[in-house]
Amino acid sequence: MTEVRSCPFHVCVAETEDILVKNLGDVLKGCADRSLEKSGTFRLGLSGGSLVQLFTRALVDFQLDTKCWKFFFCDERYVAHDHQESTYWAYKTQMLSQLPNILDSQFVKANTSLPLDECANDYETRVKAEFGTNCPEFDLLLLGMGPDGHTCSLFPEQPASLTETQRLVIPIRNSPKPPPERITFTLPLINNAKNVVFVVTGASKAAVVNSVFGDLDKKFPAAWIEPKHGELTLLTDVGAAKSFVCHTK
């Protein structure tokens, strides 16, 4: 029996990458406008992979004013900041070169020079300090999803990471996807966000999109993402959505 989702859920399917970037830009502008009007700061969490380019394109195309934005990382590889595997470095090289008005100080980075456990604890402390609370509520989290249904660094081969109820950031060892050591946001932090947006593309992910967003199959970590007081959105293309769209008709 298919589970019933308890949070508001929206799906937007794009025919082309240009339309996908526009949809992402619309989400960014809407979330930023609401956050800036309420608190004067827009706090969002970023993920790596194809999102780096798509996010940068959206900022460039929409010419958004980002001076009051703060960028966090939903997960990070346990490597130096200038390592090619670093998610921070991917954004810095892709984004800051095209968007010179964004300052490096706007990025809240993990201190990967610390031992792994300390790195995770330190990043959790920094996130809490930035929000001024032990229960941070992100304005927006941008997530990707792998063909195996993982999101952030929460992998189906490591189900124990999905049972964490106290810590907001945890260390990951022996990741099934290299590099093996990482830190990641946990479900209590992710599901406390006001808006969680998955950006998933490609026909190779069609089956898992259907399983995660259609069937809510909990063997896939991405299916555990369900904001308690917020909204969930899937931005996707026709390839990734083909099975899901048919399933929901």
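Report follows, based on the coordinates.

Criteria and cut-off values
Residues numbered from 1 in each chain as written. Predicted model: local features only at pLDDT ≥ 70, side-chain atom pairs only at ≥ 80, totals over all residues. Heavy atoms only, no water. Buried < 20%, exposed > 50% of the residue type's maximum accessible area, 1.4 Å probe, protein only. Helix = DSSP H or I, 4+ residues; strand = E, 2+ residues; numbered from the N terminus. Expected span 1.5 Å × (residues − 1). Pairing = 2+ DSSP bridges. Disulfide = S-S within 2.5 Å. Core = buried A, V, L, I, M, F, W, Y, C linked by side-chain atoms within 4.5 Å. Contact = heavy atoms within 4.5 Å. Axes fitted to C-alpha atoms, helices over the stretch in contact; angles between N-to-C directions.

Remarks on helix H6 (residues 206–214)
In terms of burial, H6 is a largely internal element, eight of the nine residues being buried. Ala 206, Val 208, Val 209, Asn 210, Ser 211, Val 212, Phe 213 and Gly 214 are the residues of H6 that are buried.

Observations concerning helix H1 (residues 17–39)
Along its 23 residues, H1 runs 32 Å from first to last C-alpha, staying within 8% of the 33 Å computed at 1.5 Å per residue. Those residues of H1 lying buried are Leu 20, Val 21, Asn 23, Leu 24, Gly 25, Val 27, Leu 28, Cys 31, Ala 32 and Ser 35. At the C-terminal side of H1, Gly 40 shows a positive phi close to 85 degrees.

Describing the pairing of strand E7 (residues 182–185)
In E7, alternate side chains face the same way, and those of Arg 182 and Thr 184 on one face and Ile 183 and Phe 185 on the other are all buried. Inspection of the sheet shows strand E4 (residues 75–77) paired to E7 by three bridges, in the antiparallel sense. Residue pairing in the sheet places Arg 77 in a bridge with Arg 182 of E7. The pairing of strand E6 (residues 169–172) with E7 spans four bridges and is classified as antiparallel. When the sheet's bridge partners are listed, Pro 171 is paired in E7 with Ile 183.

Observations concerning the state of the cysteines
Taken as a whole and assessed by the stated rule, the structure comprises zero disulfides. Of all cysteine sulfurs, the one in Cys 31 lies closest to Cys 12, which takes part in no disulfide; the gap is 13 Å. Of the cysteine sulfurs around Cys 31, a residue in no disulfide, the closest is that of Cys 74, at 13 Å. Given the relative accessible area of 4%, Cys 31 is considered buried.

Quick notes on the nonpolar core
Leu 28, Phe 55 and Phe 198 are the most contacted members of the largest nonpolar core, which totals 74 residues. Looking at this core, the element that brings in the most residues is H1, giving seven residues. Residues in contact with Phe 198, not counting those within four places in the same chain, are Leu 143, Gly 144, Met 145, Thr 151, Phe 213, Ala 222, Ile 225, Leu 232, Thr 233, Leu 234 and Leu 235.

As for the pairing of strand E5 (residues 140–143)
Neither face of E5 is open: one carries Leu 140 and Leu 142, the other Leu 141 and Leu 143, and all of them are buried. Where E5 meets strand E8 (residues 195–200), three bridges bridge the pair, whose relative direction is parallel. Residue Leu 142 lies in a different strand from E8, and its bridge partner there is Val 197.

A look at the sheet that holds strand E3 (residues 69–73)
Strand order in the open sheet formed by six strands is E1-E9-E8-E5-E2-E3, and the pairing between neighbours is parallel. Both edges of this open sheet fall to strand E1 (9–14) and E3, since each of them pairs with a single strand only. Between one strand axis and the next, the sheet turns by 20 degrees as a mean value, whatever way the strands run. Note: strand E2 (residues 42–46) against E3, five bridges, orientation parallel. For Phe 42, the partnering residue across the bridge sits in E3 and is Trp 69.

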